[in-house]
Amino acid sequence: EPEVTQTPSHQVTQMGQEVILRCVPISNHLYFYWYRQILGQKVEFLVSFYNNEISEKSEIFDDQFSVERPDGSNFTLKIRSTKLEDSAMYFCASKPELSNNEQFFGPGTRLTVL
Amino acid sequence: AQRVTQPEKLLSVFKGAPVELKCNYSYSGSPELFWYVQYSRQRLQLLLRHISRESIKGFTADLNKGETSFHLKKPFAQEEDSAMYYCALIRRGNYGGSQGNLIFGKGTKLSVKP
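Residues numbered from 1 in each chain as written. Chains lettered and ligands numbered in written order. Predicted model: local features only at pLDDT ≥ 70, side-chain atom pairs only at ≥ 80, totals over all residues. Heavy atoms only, no water.

With that settled, consider the interface of chain B and chain A. On the chain A side, the residues contacting the 23 residues of chain B number 24 residues. Here chain B packs against chain A, burying approximately 2000 Å² in sum over the two surfaces, 49% of which is carbon and sulfur. If you look at where chain B meets chain A, you find one salt bridge. The closest approach of N and O atoms between R43 of chain B and E3 of chain A, which form a salt bridge, is 3.4 Å. Mapped onto the side of chain B that touches chain A, the elements with two or more residues apiece are β5 (31–38), β6 (45–49) and β9 (83–91) of chain B. In terms of residue count, the dominant contributor to the side of chain B that touches chain A is β5 of chain B (four residues). (Contact = heavy atoms within 4.5 Å. Buried area = accessible area lost by both parts, 1.4 Å probe. Salt bridge = Lys/Arg side-chain N within 4 Å of Asp/Glu carboxyl O. Helix = DSSP H or I, 4+ residues; strand = E, 2+ residues; numbered from the N terminus.)

In structure tokens:
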């Protein structure tokens, strides 16, 4: 069964550095999402993406964040200058079509900012 | 404000006992409700959704619009049910579909003891 994949599984970086988190959504899916979960807190929405543009973003998704779908398969989240508070688990999700609201999640990338 | 509340952080039961994981929501509109489950070291995966009205792995959940609740129930818990359970909602569009994001509760850790 096809699955969403994410790389790396764990990323450690220094404060102020740029990081790129990578996701490969399920191949025929059209809607893409990033969520994050700070340790001990709830899963929070960051951004949704459809038809090569951002559909919606939360207030967490400030100018330090960007998303891209550089080719037909990858969906990336870039954090330009990481802060300590960006340490979290980042989940990518996708769904096939508008009418089906089930989102399929990747295994997550644990980002640790030192 | 849109909000999902799971009042119990941890629920511990013995094998064979009934289990109920509580979920209340606050949303002005017509949401679709979900239960996602995350087994140890695995990804978030959909357990069930209110529109399908089905039982998965013995779990059921009924949407109670009057009480704005979507509690998850199972009559006889099994050890393999031990996991994190997240209640979530999504804003439904005009025809049921949505580009929108999932709004999650904080999750309840279910521990089923032998």
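Anyway, onward from the coordinates.
All names here are of chain B. Ranked by size, the top nonpolar core spans 26 residues in total, and within it W35, L72 and Y85 carry the most contacts. Residue assignment for this core shows that the elements contributing at least two residues are β2 (10–14), β3 (19–21), β5, β6, β9 and β11 (108–113). Among the elements that make up this core, the one with the highest residue count is β9 (four residues). With residues up to four places along the chain from it excluded, the contact list for L72 reads V19, E20, L21, W35, L47, L48, F59, T60, A61 and Y85. (Core = buried A, V, L, I, M, F, W, Y, C linked by side-chain atoms within 4.5 Å. Buried < 20%, exposed > 50% of the residue type's maximum accessible area, 1.4 Å probe, protein only.)

Mapped onto the elements, T109 of chain A comes out in strand β11 (residues 109–113). From its side chain, T109 of chain A meets the backbone oxygen of P8 of chain A in a polar contact 2.5 Å long. (Polar contact = N/O pair within 3.5 Å; in protein donor to acceptor, adjacent residues only side chain to side chain.)

Another aspect to go through is the sheet that holds strand β1 (residues 5–7) of chain A. All names here are of chain A. Taken together, the four strands give an open sheet; going across it, the order is β1-β3-β8-β7, and neighbouring strands pair in antiparallel fashion. Among the strands making up the open sheet, the edge pair consists of β1 and β7 (65–68). Across the sheet, the mean angle separating the axes of adjacent strands is 20° when strand polarity is ignored. Direction of pairing for strand β3 (residues 19–24) relative to strand β8 (residues 75–79): antiparallel, over a ladder of five bridges. Looking at β8, one finds that R22 is bridged to T76. (Pairing = 2+ DSSP bridges. Axes fitted to C-alpha atoms, helices over the stretch in contact; angles between N-to-C directions.)

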